[in-house]
Amino acid sequence: MRLLTQLIALNRARQLNRQLRDIQQAIQGLSRHNRMRLGTLALREIGQATRCDFPHLYGTPPEERYLPWGQGTEIGYTRARSENVEIAIRGIALWLAVAYHETKDAQLGGLQAVYRQLMRQLRELKEMRQTAPAGDTGHGWTGEAAAA
């Protein structure tokens, strides 16, 4: 059973790693203003997911809550590939939030690596918000965290 669990986790780590690369490319394709908006929205999504009973299942329909992982990353990933920038930004934020909660306490190496890459991406978004001129954002990153 332990071997089966490790194989499932390895497969999931590969899937999340592949999706993260695509998400990172989508983020790089956004304008600076939209990346700053994404940082704010991602922080809000992470905060909203934290308030759920099962944060890693955030965005998953209630009838599917007993799956090994939720549908939030798939929904977010699909939306992130949209031609509509608003939908893409919301999809990326959802993906980042769910992947964050799914990998943050991971014990297996593959998922830990995804978590580290994800944290790097979130840090870049955070730093972009902090270096933005005050008139660009209207709120600081810490102010958004309190609001979330």
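Here is what the cut-offs are and how they apply
Residues numbered from 1 in each chain as written. Predicted model: local features only at pLDDT ≥ 70, side-chain atom pairs only at ≥ 80, totals over all residues. Heavy atoms only, no water. Helix = DSSP H or I, 4+ residues; strand = E, 2+ residues; numbered from the N terminus. Buried < 20%, exposed > 50% of the residue type's maximum accessible area, 1.4 Å probe, protein only. Areas by Shrake-Rupley, 256 points an atom, 1.4 Å probe, with all protein chains shown as cover. Core = buried A, V, L, I, M, F, W, Y, C linked by side-chain atoms within 4.5 Å. Contact = heavy atoms within 4.5 Å. Expected span 1.5 Å × (residues − 1). pLDDT = per-residue confidence, 0-100. Arc of directions from axis to C-beta. Patch = residues over 30% accessible without salt bridge, like charges linked within 9 Å, V, L, I, M, F, W, Y side chains within 5 Å. Salt bridge = Lys/Arg side-chain N within 4 Å of Asp/Glu carboxyl O. Lys, Arg positive; Asp, Glu negative; His and termini not counted. Polar contact = N/O pair within 3.5 Å; in protein donor to acceptor, adjacent residues only side chain to side chain.

The next thing to look at is the overall build of the protein chain. When its secondary structure is counted, the protein chain shows seven helices and zero strands. With 148 residues in all, the protein chain has 40% of them scored as buried. When the accessible area of the protein chain is evaluated, it comes to approximately 8,600 Å², of which 52% is carbon and sulfur surface.

This part is about the nonpolar core. Counting residues in each nonpolar core, the largest one holds 27 residues, and the members touching the most others are Ile23, Leu38, Ile92, Trp95, Leu96 and Leu118. At eight residues, helix α4 (residues 85-103) tops the list of elements feeding residues into this core. Discounting residues that sit within four places of it in the chain, Leu96 has contacts with Ile23, Ile27, Ala42, Leu118, Leu122 and Leu125.

Here we come to helix α1 (residues 2-28). An ideal rise of 1.5 Å per residue puts 39 Å on 27 residues; α1 measures up with 38 Å between its terminal C-alpha atoms. Looking at the packing, one finds that the buried side of α1 touches α2 (32-50), α3 (72-80), α4 and α5 (109-131).

This part is about the confidence of the model for the protein chain. Considering every residue of the protein chain, the mean pLDDT works out to 85; 89% of them sit at 70 or more. Mean pLDDT in the protein chain bottoms out at helix α7 (residues 141-147), which sits at 42, and peaks at α4, which reaches 96. This model gives residues 137-148 a pLDDT under 50, and the stretch forms 20 contacts once residues within four places in sequence are excluded.

Before going further, it helps to examine α3. Three- or four-residue spacings in an α-helix give side chains the same orientation, since the helix completes a turn every 3.6 residues. Every buried residue belonging to α3 is among Gly72, Thr73, Gly76, Tyr77 and Ala80, and all of these are buried. The arc that holds every buried residue of α3, seen down its axis, measures 125°, which confines them to one face. Where the residues of α3 are buried, they touch α1 and α4.

Okay, a nonpolar patch on the surface next. A contiguous nonpolar surface patch, about 350 Å² in accessible area, is contributed by Met1, Leu4 and Ile8. Here Met1 lies in the segment before α1.

By secondary structure assignment, the location of Arg35 is in helix α2. For the buried Arg35, no salt bridge exists, and the shortest N-O distance to an oppositely charged side chain is 7.0 Å, to Glu124. Here the side chain of Arg35 touches Leu30 through a polar contact of 3.3 Å, landing on its backbone oxygen. Residues in contact with Arg35, not counting those within four places in the same chain, are Ile27, Gln28, Leu30, Leu125 and Met128.

Before going further, it helps to examine the pattern of salt bridges. With the rule as written, the count across this model stands at three salt bridges. Ionic pairing is found between Arg37 and Glu86, a salt bridge with its closest N-O pair at 2.4 Å. Within this pair, whereas Arg37 is found in helix α2, its partner Glu86 is found in helix α4, the two being separated by 49 residues in sequence. Arg37 sits in the partly exposed class, given a relative accessible area of 29%. Judged by its relative accessible area of 35%, Glu86 falls in the partly exposed class. Residues Glu127 and Arg123 are paired through a salt bridge, measuring 3.9 Å at the closest nitrogen-oxygen approach. Of this pair, Glu127 and Arg123 both sit in helix α5, four residues apart, roughly one helical turn.

Here we come to the side chain of Thr103. Following the sequence through the fold, Thr103 ends up in helix α4. Filtering out sequence-adjacent residues up to four positions away, Thr103 remains in contact with Leu16, Leu111, Val114, Tyr115 and Leu118.

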